[in-house]
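Per-entry structural report
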Amino acid sequence: MRINGAESLSSSSKSEADDMIETENESLRERVGDLEKKVLEQGDEIVCLRSTLADALRRLNQLEGSRTLSLNTSVLKNGNTPRAGNHYGGNGHHLISPTLSQKEVTLRYRSTNEHPVSALRDPVRRVPSHNSTHSSLPQRRAVHYQSTGSLHSDSPSSSSVSPVPPASPSPSPTRPATAQKSQRSNGTNLYNSKRWSSTGDFNQAQQFSVAPQSSTLASRLGTKSLLNLNLRTPTQQNHNHHYHQKHGTRDATYNNEEGSVRMFLRGRPINLYAPTADIATYDITKVATAPSSKLKLDWVYGYRGKDCRSNLYLLPTGEMVYFVASVAVLYNVEEQSQRHYLGHTDDIKCLTIHPNKLLVATGQTAGHDSREGKPHIRVWNSVSLATVVVLGLGEFERSISCLSFSKADGGSLLCAIDEGNDHNISVWDWQKNEKGHKITETKCSMDTVVAAEFHPLERNQIVTCGKGHISFWTLDTGGTLYKRNGIFETTRDRPKYVTCLAFTQNGDVLSGDSNGSVVIWSRGTNNIKKVARNVHEGSVFSICALKEGSIITGGGKDGKLIQFDTSMHPTGYEAQVAEHLGGIRTVSEGRGSQLLVGSTRNCILIGSLSMGFSPAVLGHTDELWALCPHPTLAQFLTAGFDRIVQLWDSLSHSVVWSKDIAEQAQSAAFSSNGHIIIVGCVSGKWIVMDSETREIYSTHVDGNEPIQVVKFSPDGQLLALGSRDNYIYIYQVTDGAKHYTRLGRCTCWEDKCRRRCSTGAIIDKLSGHSSFITHIDWSSDNEYLRSNSGDYELLYWKVKVCRQVPQSTQLRDVAWASNSCVLSFSTIGIWPEGADGTDVNACERSNKAKLMATGDDFGKVKLYSYPVKQPKSLCHSYGGHSSHVTNVTFLHDDSRLISIGGKDTSVLQWQII
């Protein structure tokens, strides 16, 4: 009995001890959880303090930049040369005042692991020690790269602020529902094979010298800077081989007897006749100077949500950060202002924010340029827009599809996914050395990877997902990555794609998938904790875990936003995004209860589940070609292959109206009074629309090929349409440009004639052009047309009889109402050396005939002095587009220039300064 009693007592004591230990463990877990929450709350308080500091610094920089702009403007207007300390740099091509370099603001932070980090300086060159702000913190050696944006902390182009929108006839700026899309035949698609991701002519940059105060700067910038910044003396700035001022056609010759210039495209000779006044004085060897006017990027329209994820965030400065083309945009909706980071040379594909909320990392795709076009990562300061470090130049295969800073250690590491065949994952110590240090790299998956995120609470833990998989990675102290694939319990639960990731406050992993389900994965494991099925109809494209604990999911197909509690139980709050705005691509937390939503139709919406959502950014979703300015208002129209016609207001930076015309658009033009719009379509149709009511008055058809160009005569009585079927169609305009009567189709003087074409050869011809029409211009007296074609012809036409003028010399002195023909005597200098004839897509003369702008296949917008009649003509060159620039135009008052990209679907607005 005693033995049994002792055993019973011992067993009872052991059970009590186990209960006590379990209770202590539970209490310990609760305390740890409370501590983690307190740490997060304190982190939020620190972010708020940083937010206030960042906003104050940004406003100070804007004030200093405005003061410097007024000083520089007064100096330039008086005809004085900028001081030697000034230089042009990057794609934005802006002046930087040397006076501000003495006032540079230094931002420093220390990561939680106490590794020494560098000071985040605004300037792009190393500052002498006597100018630096001293600190007891250890400094790492670093080369700072210049932000090539039109904005710089001490640049006059630091901000773009919208004035109060003027009163204008503005119907609701919402996009109509998109009509059912039809497939475009290969036979009519002119630009399927066109190069559109070229990164420009950075390899043409020459070596340069620098100011005496930094003897080592030339070697550093010459070998390590992506942009080879031009810190030149005034003598060097006038050198013929200026970085932005390339020579034109090299082998052009001048015939004094005929007064003609012969240039070559793809080896074909092109004869261009000089005006009579220029014959005696023309010197083909003369170098034309670049214009005194320059461009500053004023506004960027559009957003890339069609094929990119997790690319929309709110910064402490109150700005949204996102990207389109090769521009990272910082947009303050309340102040209606934009800033732009232009450090990239090709398409930006991904974006992530550092835990300090001040640094941003962006990754770009591969381009054509041997050096600058290589895919790489840029870490930059969101306040000063200065580049902190460039990572992986030459290390990546195709493009960077995903980026993520580590969270648990204060952001010392950066994870990247290469979109190459092996979809490699790499981890970088981005603060180490001048170019960062790649800790490790390994193959991530055989299939597409769409998301990668560091765990916010677990050190060195990474989660990736994509086609048919979710993987949990651990980075050990030796720098090796170990992977565990997520275990799906049933075939039903295994989706075709795991599409997005998020984390709960207790560290569980949330994943959305193509089945419309949300899966909860237990913290620290690869096992499923819970599955919420059929949350959305179609894929779950985004999950956002809010600070207060609730979870928002976004559906890519159903366009719904649904709120859940921490246990994934619906709270009853949800919202539906209008179908014409697209499905939900990404969701992020805004101010207060606001949410930022990026859509699959390249729109950004702001709102809440209770109040609904309204669009803040609208854009196009397919290739853009049609662009025309309003003749009297600060408005312009764009249209493209997405079948959407949009009228924009350049002052309020908003969409006046949008209309789905159910046809792919190729060209457009306003009538002389601005009341009527003509839209030329890919199918051969052209549409007559009212510019205020959007009412379609009539639809006409000329052939079954795209209407490449449409243009009204200066008096508005005639309309010319250039088609891809090689013909120009002429119409009489009546009834306030609402009624059109066809006068004829431009052909030769005889049904079959022998003529000497612009190449000098005598050929038999049944019609005027032997290739498709690309550009046309009207004469100022409405009597003549000139036209370019795809085989580099320049022909002239007598409009009233629709016949060709075979002798080009007869029209050498005709005054032209516009100059959009890329082949003419006044545009010789726009052609680069070795041009193949398709390099320059569009050109346009300013209304005051002082400037000429061009858009080319390398994503560049160039500004020349007009006329550009010298083969060697210098220019200012600007980046921002990542695709071929399909069209450019000046607004009616020459205050701004508009450029549109092809496949990058972006619209860039430039201020002329």
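Residues numbered from 1 in each chain as written. Predicted model: local features only at pLDDT ≥ 70, side-chain atom pairs only at ≥ 80, totals over all residues. Heavy atoms only, no water.

1. Some words on the overall build of the protein chain
Formally: Numbering of helices and strands runs from the N terminus; a helix is a DSSP stretch of H or I covering at least four residues, while a strand is a stretch of E covering at least two. Under the scheme applied here, a residue whose accessible area is under 20% of the maximum for its type counts as buried, over 50% as exposed, and between as partly exposed, the area being computed with a 1.4 Å probe on protein chains only. Here a residue-residue contact requires only that any non-hydrogen atoms of the pair lie within 4.5 Å. Working definition of accessibility: Shrake-Rupley area with a 1.4 Å probe, residue cover restricted to the visible protein chains.
Looking only at helices and strands, the protein chain has four helices and 64 strands in total. Per-residue burial for the protein chain yields a buried fraction of 59% across its 913 residues. For the protein chain, the share of sequence-separated contacts (at least 6 apart) that also reach a separation of at least 24 residues comes to 53%. For the protein chain, the accessible area works out to roughly 36300 Å², and carbon and sulfur atoms hold 49% of it.

2. A word on the UniProt feature "repeat: WD" (unreviewed entry) in the protein chain
Defined as follows: UniProt positions are given in the numbering used here, feature names are shortened, and annotations may be inferred rather than shown by experiment.
Taking the UniProt record as the reference, the feature "repeat: WD" (unreviewed entry) is found at residues 617–649, 700–741, 766–800 and 878–913. In this annotation, residues 617–649 is assigned 0% helix and 58% strand; the end-to-end C-alpha distance for the span is 13 Å. Taken end to end, residues 878–913 is 0% helix and 53% strand, and its first and last C-alpha atoms sit 14 Å apart.

3. Here's the deal with the packing of aromatic side chains
Note on aromatic pairs: each is described by the distance of the centres and the angle between the planes. Inclusion rule: Two aromatic rings from Phe, Tyr or Trp, using only the six-membered ring of Trp, form a pair when their centres are within 6.5 Å; if the ring planes differ by under 30 degrees the pair is stacked, by over 60 it is edge-to-face, and anything between is tilted. Sitting over a ring, as applied to charges here, requires NZ of Lys or CZ of Arg to be within 6 Å of the ring centre and within 35 degrees of the ring normal.
All chains considered together, the criterion is met by 17 aromatic pairs. Summarising the aromatic geometry, the rings of F488 and W521 are spaced 5.3 Å apart at their centres and angled 85 degrees between planes, so their arrangement reads as edge-to-face. Taken together, the positions of F488 in the loop between strand 26 (481–485) and strand 27 (498–503) and W521 in strand 29 (residues 518–521) put the pair 33 residues apart, joining distant regions of the chain. Exposure remark for W521: the relative accessible area of 0% places this residue in the buried category. Here Y878 and W910 contribute two aromatic rings whose centre-to-centre distance is 5.7 Å and whose plane-to-plane angle is 55 degrees, an arrangement assigned as tilted. Taken together, the residues span a long stretch of sequence, with Y878 in strand 61 (residues 876–878) and W910 in strand 64 (residues 907–912) at a distance of 32 residues. An identical accessibility class is assigned to Y878 and W910; each is buried. Here a set of aromatic residues connected by ring pairs shows up, and it is made of Y254, Y282 and F825. The cationic tip of R309 hangs over the ring face of F541; the distance from NZ or CZ to the ring centre is 5.2 Å. Taking NZ or CZ as reference, R724 lies 4.5 Å from the ring centre of F772, over its face.

4. What about the sheet that holds strand 55 (residues 794–798)?
Note the threshold: Any two strands are treated as partners once DSSP identifies two or more bridges connecting them. Under this scheme, a helix contributes an axis fitted over its contacting stretch, all axes are lines through C-alpha atoms, and angles between N-to-C directions fall in the 0 to 180 degree range.
Strand order in this open sheet of four strands is 53-54-55-56, and the pairing throughout is antiparallel. Sheet topology places strand 53 (773–778) and strand 56 (803–805) at the edges, where each strand pairs with a single neighbour. For this sheet, the mean angle separating the axes of adjacent strands, direction not counted, is 35 degrees. Pairing analysis gives five bridges linking strand 54 (residues 784–789) to strand 55, with the strands arranged antiparallel. Within the sheet, the bridge partner assigned to N788 lies in strand 55 and is L794.

5. Some thoughts on unusual backbone geometry
In the segment running from Y866 into P867, the intervening peptide bond is cis, with an omega of 0 degrees. Among the secondary structure elements, P867 is positioned in the loop between strand 59 (861–865) and strand 60 (872–873). Of note in the backbone geometry, N782 takes a positive phi value of approximately 65 degrees without being a glycine. Structurally, the position occupied by N782 is in the loop between strand 53 and strand 54. Of note in this structure, A849 is not a glycine but carries a positive phi near 60 degrees. Summarising the element assignment, A849 is placed in the loop between strand 57 (840–845) and strand 58 (851–856). Looking at A849, the relative accessible area reads 31%, which means it is partly exposed.

6. Considerations on the pairing of strand 16 (residues 359–364)
Look at any regular strand and the pattern is simple: side chains alternate between the two faces of the sheet. Burial analysis of strand 16 places six of its six residues in the buried class, which makes it a mostly covered element. Both faces of strand 16 are covered, namely the face carrying L359, A361 and G363 and the face carrying V360, T362 and Q364. Sheet topology places strand 15 (residues 348–353) next to strand 16; five bridges connect them, and they run antiparallel. Along strand 16, the bridge assignment pairs I353 with V360. Between strand 15 and strand 16, which pair antiparallel one after the other, the connecting turn spans five residues, and K357 there sits at a positive phi close to 65 degrees. Here strand 16 runs beside strand 17 (residues 377–381); their pairing, made up of five bridges, is antiparallel. Paired with A361 across the bridge in strand 17 is V379.

7. What about the sheet that holds strand 40 (residues 635–640)?
The strand order across the open sheet formed by four strands is 39-40-41-42, and the pairing between neighbours is antiparallel. Of all the strands in the sheet, the pair left with one neighbour each is strand 39 (624–629) and strand 42 (654–660). With direction set aside, neighbouring strand axes in the sheet form an average angle of 20 degrees. In this structure, strand 39 lies alongside strand 40, joined through five bridges in antiparallel fashion. Directly across from A626, in strand 40, lies its bridge partner A639.

8. Some details on the pairing of strand 49 (residues 728–734)
Buried residues dominate strand 49, accounting for five of its seven residues. Pairing of strand 48 (residues 718–723) with strand 49, which is carried by five bridges, proceeds in the antiparallel orientation. The partner of A720 across the bridge, within strand 49, is I730. Summarising the sheet, strand 49 and strand 50 (residues 739–745) pair through six bridges and their orientation is antiparallel.

9. Examining the pattern of salt bridges
Here is the rule we go by: Salt bridges are identified by distance alone: a Lys or Arg side-chain nitrogen within 4 Å of an Asp or Glu carboxyl oxygen.
If you walk through the whole model with that rule in mind, you get 22 salt bridges. A salt bridge links K798 to E783, with the shortest nitrogen-to-oxygen separation between them at 3.3 Å. In this pair, K798 is assigned in strand 55 and E783 in the loop between strand 53 and strand 54, connecting sequence segments 15 residues apart. Judged by relative accessible area, which is 24%, K798 ranks as partly exposed. Exposure remark for E783: the relative accessible area of 19% places this residue in the buried category. Residues joined in a network through salt bridges with shared partners are R304, D307 and D347.

10. A look at the side chain of H340
Applicable threshold: Any pair of N or O atoms that falls within 3.5 Å is considered a polar contact. Within protein, one atom must be able to donate a hydrogen and the other to accept it, and sequence-neighbouring residues count only if both atoms are side-chain atoms.
Assignment of secondary structure puts H340 in strand 14 (residues 337–341). A distance of 2.8 Å separates a polar atom in the side chain of H340 from a polar atom in the side chain of Q338.

11. Re the nonpolar core
Short version of the rule: Note on terminology: a nonpolar core comprises buried Ala, Val, Leu, Ile, Met, Phe, Trp, Tyr and Cys residues joined through side-chain atoms within 4.5 Å.
L295, M320, Y322, I552, F636, L897 and W910 are the most contacted members of the largest nonpolar core, which totals 54 residues. Among the elements that make up this core, the one with the highest residue count is strand 10 (residues 295–301) (five residues). For M320, the contacting residues outside a window of four places in its chain are L312, Y313, L314, V329, L330, Y331, V333, L596, I604 and I606. Counting residues in each nonpolar core, the second largest holds 31 residues, with A252, I828, I830 and A835 among its members.

12. Focus on the environment of V888
Structurally, the position occupied by V888 is in strand 62 (residues 885–890). In this structure V888 comes out as buried when scored by relative accessible area, which is 1%. With 10 residues separating them along the chain, V888 and I898 place their C-alpha atoms 5.6 Å apart. Setting aside chain neighbours within four positions, we find V888 in contact with L627, A842, C843, E844, A853, T854, G855, L897, I898 and S899.

13. A closer look at the state of the cysteines
Note the threshold: Any two cysteine sulfur atoms within 2.5 Å of one another count as a disulfide.
Counting across every chain of the model gives zero disulfides. C415 takes part in no disulfide bond, and the closest cysteine sulfur to it belongs to C444, at a distance of 7.9 Å.

14. Here we look at the side chain of S404
Its location among the elements puts S404 in strand 19 (residues 400–405). Reaching out from S404, the side chain makes a polar contact with the side chain of E453 at a distance of 3.4 Å. Once residues lying within four places of it in the same chain are set aside, the contact partners of S404 are T352, L413, L414, C415, A452, E453 and F454.

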